[in-house]
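# Residue-level structure breakdown
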Amino acid sequence: MARCIHCSLAHDDLMHFCPATGKPIALGERMVGQTVLGRFKIVAILGGSSIGGVFKATDAATGEAVTLKMLHPSLGRNPAVAQPYMAEVAKAAGIGHPALGDIVAVAQDESGSPVIVRRFLQGRTLEQVIEEHSDGMDPSLAAWLVSQVLGALQALHSESITNDDLTPRDVFVVEGHGGEAVVKLAEIGERHVKNALPPEEADRPANRPYRAPEQVREGKTEPATDIFSVGVILYRMLTGQFPWPDGIPAGAGRIPSFKDVSEIKPSVPKPLDYTVRRALALFPRDRFKSPVLFAEALRNLNLLPGGAPSYGSLVPGYRVEATGAAEQAAADDGGTPPGTVKVPFDEADKTLQAFDPGQVVKQAAQSMSRTSRGMAAAKPSVPPPASPAPASPAEAI
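As a starting point, this report considers the structure included with it. Everything numeric here is computed off the predicted structure, so don't read it as measured data. Every chain is numbered on its own, with residues counted from 1 as its sequence reads. Side-chain atom pairs in this predicted model are given and counted only at pLDDT of 80 or more, local residue features only at pLDDT of at least 70, and totals for whole chains, interfaces and linings cover all residues. The side-chain values count all of the structure's non-hydrogen atoms but skip hydrogen atoms and water molecules.

The helix and strand labels rest on DSSP assignments: H or I over at least four residues marks a helix, E over at least two residues marks a strand, and numbering proceeds from the N terminus. Along the backbone of the chain there are 15 helices and nine strands. With a 1.4 Å probe rolled over the protein chains alone, any residue whose accessible area is under 20% of its type maximum counts as buried; one over 50% counts as exposed, and the rest are partly exposed. Within the span of the chain, comprising 397 residues, buried residues form 51% of the whole. Long-range pairs, those at least 24 residues apart, make up 68% of the contacts in the chain with a sequence separation of at least 6. All accessible-area figures derive from a Shrake-Rupley calculation using a 1.4 Å probe, and residue coverage is judged against the displayed protein chains alone. A total of about 17000 Å² of accessible surface is found on the chain, and carbon and sulfur atoms cover 53% of it. Only heavy atoms matter for contacts: two residues are in contact if any of them lie within 4.5 Å across the pair.

Have a look at this one:
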């Protein structure tokens, strides 16, 4: 039992509020070894903040590794945060799009903490992939990666779900069953949690270059805000630079222009400049009207490869690297508490299916034709846990 930062006394590891002061005790290392929802045993910390934690856990029902995101129970008592957050994640889970993270459970534990459990992803965040191509990525690879993200966004937008603060850290690139790259947009519903964060945590400097003018200057977001963020990601993939390195300037002053992609990288086809500029239009009305139209524009430039590229083409030398799990990298962006258990990089999952960008239009049309689902219909079920075998010494924490 660690000593409480509020009263300096030692409390039970499952005590989320200091009994002496009533102040919340941050989730963190004390949660390792605990079982959540009667099924998910936490084995390591991936990251955390003052209002929650991200953990690697083992599903007792299947034996599989999962990522468990847990908000502090103080947020569970705030209906303006917990209810819309959980409802949106549950609704997204019912979409079933191959470029969205696989949600296993959406629930609140006995303490009232909102808990989101999804399949553990091993590989790289898109941020890491971009950094590994710091001088600019091949246009066909960049177009393919962006088309995957756009496919996931189209599925979400068709259900009136937006991201509102999309960055490459929200996207994972893993290896599929045939060695091909598979893209997963994993972070959903975070916009509801962001409102509960302290200002210094909510306004992450690393996120500023991806935020649209209406977001920075008017404090509002809409589906076109996500289009802008994808445009920034594409620009950075192609050039290794940001169109606005410090982000869109706040206030009423003039927004400076940026260089065309082909001006920085002459090997990039000039017609791609128009596509990028339209995505980065300062007024939402001037951007692509939907993610599917953005994807169509890329396809019409004949940039997309015939199929998914290999994972190795995106992550050079990945076979010999010993560390760098994508889940850990994404969680670390939120600040990793001291004393974290670092999770080693394992072989990427072989069973995931790649998403074909040529099906974006068809799937979007099908998604738009569906009626909206309620939370009860979309909420993933949590089947009764199987009787787990006794833990081996290696598994015991």
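For the rest of this paragraph, the subject is the environment of L197. Looking at the secondary structure, you find L197 in the loop between helix 5 (190-194) and helix 6 (199-202). When the C-alpha atoms of L197 and I51 are compared, they prove to be 7.1 Å apart, with 146 residues separating the residues in sequence.

Let us now look at the environment of L27. Structurally, L27 can be placed in the segment before strand 1 (35-36). Judged by its relative accessible area of 6%, L27 falls in the buried class. Separated by 45 residues in the primary sequence, L27 and H72 place their C-alpha atoms 6.9 Å from one another.

Another aspect to go through is the pattern of salt bridges. One side-chain nitrogen of Lys or Arg within 4 Å of one carboxyl oxygen of Asp or Glu is enough to make a salt bridge. Within this structure, the stated rule accounts for 14 salt bridges. Across the pair K220 and E218 runs a salt bridge, and its minimum N-O distance is 3.4 Å. Classification of K220 as partly exposed rests on a relative accessible area of 40%. With a closest N to O distance of 2.5 Å, D260 and R277 form a salt bridge. Here D260 is found in the loop between helix 8 (223-239) and helix 9 (261-264), whereas its partner R277 is found in helix 10 (residues 271-279), with 17 residues between them in sequence. The network of salt bridges with shared partners includes K69, R118, E187 and E190.

On to the pairing of strand 6 (residues 114-119). When you tally the buried positions in strand 6, you get five out of six residues, the bulk of the element. Two strands qualify as a pair provided DSSP detects at least 2 bridges between them. Inspection of the sheet shows strand 4 (residues 65-71) paired to strand 6 by five bridges, in the antiparallel sense. Following the sheet pairing, T67 is matched in strand 6 by R118. Of the pairings in the sheet, the one linking strand 5 (residues 103-108) to strand 6 comprises five bridges and is antiparallel in character. Each residue of the ladder has a partner; that of Q108, found in strand 6, is P114.

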